[in-house]
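Letter by letter, the chains look like this.
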Amino acid sequence: MYVFFVLPAALLLFFLYLLPLARILMISATDGQGFVANYGAVLTSAPIHRMVWTTVEICAITTVATLLISYLIAYVLLQVSERTRMWMMLCILVPLWVSVLVRAFAWIAVLNNSGPVNSLLQYTGLTDEPVQLVRNQFGVMLGMVHYMLPFGILPLYAAMKGIDPKLISAARALGARPFTAFRRVFLPLSLPGLYSAFVIVFIFSLGFYVTPAILGGGRIVMIAEYIALLISQGYDWGIAAALATMLLSVVLAVVFIAGRFADWDSVLGGSRR
Amino acid sequence: MTSIIQDSLAIVAEKVRTGQMSRRRFMHVLAALGAAGALPSWREANAQTKEIIFSMWGGDAEEVYRKAWGAPYEEKAGVAIQFDGSGPTRGKIRAMVESKNVTWDVCDSGLGTQSSLGPEGLLEPIDYTIVDKNKIVPGLAYQWGATGYIYSSVLTWDSKAFGGEEPKTWADFWDVKRFPGKRVVWKYMVGVLEAALIADGVEPSKVYPIDMDRALNKIKELKEHLVLWDNGASSQQVFRDGEVTMGQIWHTRSTMLADESQGRFKYTFNQGIVQPGVWVVPKGNPAGKAVFEFLASMQEPEKQLILLKELSQGPANPETAKLAPQLASKNPGSPENLAIQVFQNEEWYAKNHQEAEKRFLDVVSS
């Protein structure tokens, strides 16, 4: 009987998502010169390789930076008082409600060559010339890390909350120094949360589109934007669809491989115990 | 890819909003437009056609389009003009025609679209028995696109940035020692290759056919100093924010920058790359031939004069400039300005546009 409750959502997904997706697969196999040519072009084209490499590089750095910062913040969240935690949560969640476009332009306003940060740097004599902070790869990664932080913090915090604090106390009681207790007890127990955060952050990063386009000054082209260009400028749908299909395969592979170690229950609000 | 005409109408709307042009004057002008010289025969010719869908680039322009072209035509010809502001990218036109589900009658477009989609059979040839070739500058009445206006990608700079020195040529644009600072160019390439070749010493009259390798090598030299703009508003904003000291941007935006900054931002038509704004009709459009009468209605000099006056947009109809000789210096299509510029070459773009755009993007992004 419950099946009727999920039926509308399932139908919606099927017709508006899975069917079009199947069509993309079709296009990648039939449009232009056909399957071999389309996938061959993706595999052999030097420009596409460069964009894939740019994407992987940016995503890897973004993911590592996001996870490091998220881990720290989640850990602090766990330690602070209820009241402080509430304020911290508010600060983490509010940016989620701000449009990604607005955030990208806000970064430009703050960090551009004549913006407040550069003015301050020059006023204090730290630099003589403006430091290029946006319209380049650094700007893109900054914007992406900022965007991804809540997606890193929340699963990590959820996982850490599930760790029994008595285990740390027990480790300490048995003579472990604080860092050893962290490294040998807390860290391994938090790994499933780290994996889920990794999967979410990395996959989101792969599909970034608006942020790189703006903060990269148009010169940092990631896969998602390249696919959009191939489609909207009408160059080559077969190749675009092939690229999209391969991107999707990578995403699915990441979900299945890294996802196996992840703690989805606590991320999704449930609990293992 | 945004279209110049959408951008221009956004400019007008912005002027009205910020009070540089009174709404009353604006409405008055548009109303006058509507009254101007419509042919009585249209009503009969369009007896069966109920509506025409005009695909454009949305934003504030949509409302302005409706007032400028839609409403007057509705009144004269009894055909409803509907606007779709979702943007007629080449990809969307192709999707529509290939799936035989065409909903647009006319698309606000550029030479690149007519030159690439036309030969592939995705556009209707313009019916020049209805659209008047004599109301288009000779050479700009294309098989699949009627030119409605012309614009230019011009050298624009911040006069405060170089201590009194003024860049005048693309060679200066490439000279980062004499003219330090970032430069902004269009993400979709048109104009940049030409500028690169001229900077590299090619005679402006010998730019076409473009030597891609040479142009791209020249662009690589400047790559680290480039920022790319993708719509007209952003090309202006980077100047206002002091992010760039120089740029190649649409002259309609350069004019605005010059006006709003009391001359701090300057531009020159010298070595500018002139481009036609063209209207194309997707193959199998729902209104059929009736759309060409609508296009003809937009060719009247009185209507085009308004665009020239308020936006410095170059009228495609040669008669228009005669109505206001004092505006010649701001018109990219005036004889003296055309003489110092390069005109976008249709033949070259028809053959090479898409491939060149991809290679350009690869060079600037790698």
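Residues numbered from 1 in each chain as written. Chains lettered and ligands numbered in written order. Predicted model: local features only at pLDDT ≥ 70, side-chain atom pairs only at ≥ 80, totals over all residues. Heavy atoms only, no water.

The next point concerns the overall build of chain A. Within chain A one finds 13 helices and zero strands. Ordered by position from the N terminus, the helices and strands of chain A form the series α-α-α-α-α-α-α-α-α-α-α-α-α. Counting only residues that meet the buried cut, chain A has 40% of its 273 residues in that class. Within chain A, counting contacts between residues at least 6 apart in sequence, those at least 24 apart form 70% of the total. Here chain A displays about 15,100 Å² of accessible surface, and carbon together with sulfur accounts for 73% of that area. When the 16 positive and 10 negative side-chain charges of chain A are each reduced to one mean point, those points stand 13 Å apart. (Helix = DSSP H or I, 4+ residues; strand = E, 2+ residues; numbered from the N terminus. Buried < 20%, exposed > 50% of the residue type's maximum accessible area, 1.4 Å probe, protein only. Contact = heavy atoms within 4.5 Å. Areas by Shrake-Rupley, 256 points an atom, 1.4 Å probe, with all protein chains shown as cover. Lys, Arg positive; Asp, Glu negative; His and termini not counted. Charge placed at Lys NZ, Arg CZ, Asp CG, Glu CD.)

Residues and elements named next belong to chain B. If you walk through the whole model with that rule in mind, you get 31 aromatic pairs over all chains. Judged by centre distance (6.4 Å) and plane angle (65°), the ring pair of Tyr208 and Tyr349 falls under edge-to-face. With Tyr208 in the loop between helix H8 (192-199) and helix H9 (212-222) and Tyr349 in helix H16 (residues 346-365), this pair connects stretches of sequence that are 141 residues apart. Assigned by exposure class, Tyr208 and Tyr349 land together as buried. Here a set of aromatic residues connected by ring pairs shows up, and it is made of Tyr149, Tyr151, Trp186, Tyr188, Trp229, Trp250 and Trp279. Note that Lys133 overlies the ring of Tyr128, its terminal NZ or CZ placed 4.8 Å from the centroid. (Phe/Tyr/Trp six-rings, centres within 6.5 Å; stacked < 30°, edge-to-face > 60°. Lys NZ or Arg CZ within 6 Å of the ring centre and 35° of its normal.)

At the junction of the two partners, chain A supplies 23 residues and chain B supplies 27 residues. Regarding the contact of chain A and chain B, the summed buried area is about 2,300 Å², with carbon and sulfur atoms giving 49% of it. Viewed at the interface, chain B and chain A are joined by four salt bridges. A salt bridge links Arg219 of chain A to Glu224 of chain B, with the shortest nitrogen-to-oxygen separation between them at 3.7 Å. For the side of chain A that touches chain B, the elements supplying multiple residues, two or more each, are helix H3 (46-79) and helix H11 (223-232) of chain A. (Buried area = accessible area lost by both parts, 1.4 Å probe. Salt bridge = Lys/Arg side-chain N within 4 Å of Asp/Glu carboxyl O.)

For the rest of this paragraph, the subject is the nonpolar core. Within the largest apolar cluster, 153 residues are counted, with the highest numbers of intra-cluster contacts made by Phe54, Trp69, Leu193, Ile210, Ile219, Phe294 and Leu295 of chain B. Here this core takes 11 residues from helix H7 (residues 137-161) of chain A, the largest share from any one element. In this structure, this core is formed jointly by two domains, domain 1 (4-150 + 276-334) and domain 2 (152-274 + 342-365) of chain B, each of which donates at least three residues. Each residue touching Ile210 of chain B, except ones within four places of it in the same chain, is listed here: Leu193, Glu194, Leu197, Ala215 and Trp348 of chain B. (Core = buried A, V, L, I, M, F, W, Y, C linked by side-chain atoms within 4.5 Å. Domains from an automatic or database assignment.)

Okay, unusual backbone geometry next. Residues and elements named next belong to chain B. In the segment running from Tyr208 into Pro209, the intervening peptide bond is cis, with an omega of -5°. Checked against the element boundaries, Pro209 lands in the loop between H8 and H9. You will see that Met189, though not glycine, has its phi angle at about 75°, which is positive. Mapped onto the secondary structure, Met189 falls in the loop between strand S6 (183-186) and H8. Exposure remark for Met189: the relative accessible area of 0% places this residue in the buried category.

When pLDDT is averaged along chain B, the result is 85; 85% of the residues meet or exceed 70. Low pLDDT (under 50) marks residues 29-47 of chain B, which in the prediction has 30 contacts with non-local residues, meaning those over four places away or in another chain. (pLDDT = per-residue confidence, 0-100.)

With that settled, the discussion passes to the packing of helix H10 (residues 232-240) of chain B against helix H11 (residues 251-260) of chain B. Residue and element names in this part refer to chain B. Two numbers describe how H10 lies on H11: the axes approach to 10 Å, and their chain directions differ by 35°. H11 is crossed by H10, and the crossing has right-handed handedness. Here Gly232, Ala233, Ser235, Gln236, Phe239 and Arg240 of H10 come into contact with H11, specifically with Arg253, Met256, Leu257 and Glu260. (Axes fitted to C-alpha atoms, helices over the stretch in contact; angles between N-to-C directions. Left-handed = near helix turned anticlockwise from the far one by under 90°.)

All names here are of chain B. Taken domain by domain, chain B consists of domain 1 (4-150 + 276-334) and domain 2 (152-274 + 342-365). Counting from both sides, the interface comprises 22 residues of domain 1 and, opposite them, 21 residues of domain 2. A combined buried area of about 1,800 Å² lies between domain 1 and domain 2, and 61% of that area is made up of carbon and sulfur atoms. Our enumeration of links across domain 1 and domain 2 arrives at one salt bridge. Residue Glu357 is joined to Arg90 by a salt bridge in which the shortest nitrogen-to-oxygen separation is 3.4 Å. Seen at the junction of domain 1 and domain 2, the total is two residue pairs in polar contact (both at pLDDT 80 or more). Breaking the side of domain 1 that touches domain 2 down by element, the ones donating at least two residues are helix H1 (4-17) and helix H6 (111-117). Of the residues assigned to the side of domain 1 that touches domain 2, the class counts are 10 nonpolar, nine polar and three charged. (Polar contact = N/O pair within 3.5 Å; in protein donor to acceptor, adjacent residues only side chain to side chain. Nonpolar A, V, L, I, M, F, W, Y, C, P; charged D, E, K, R; others polar.)

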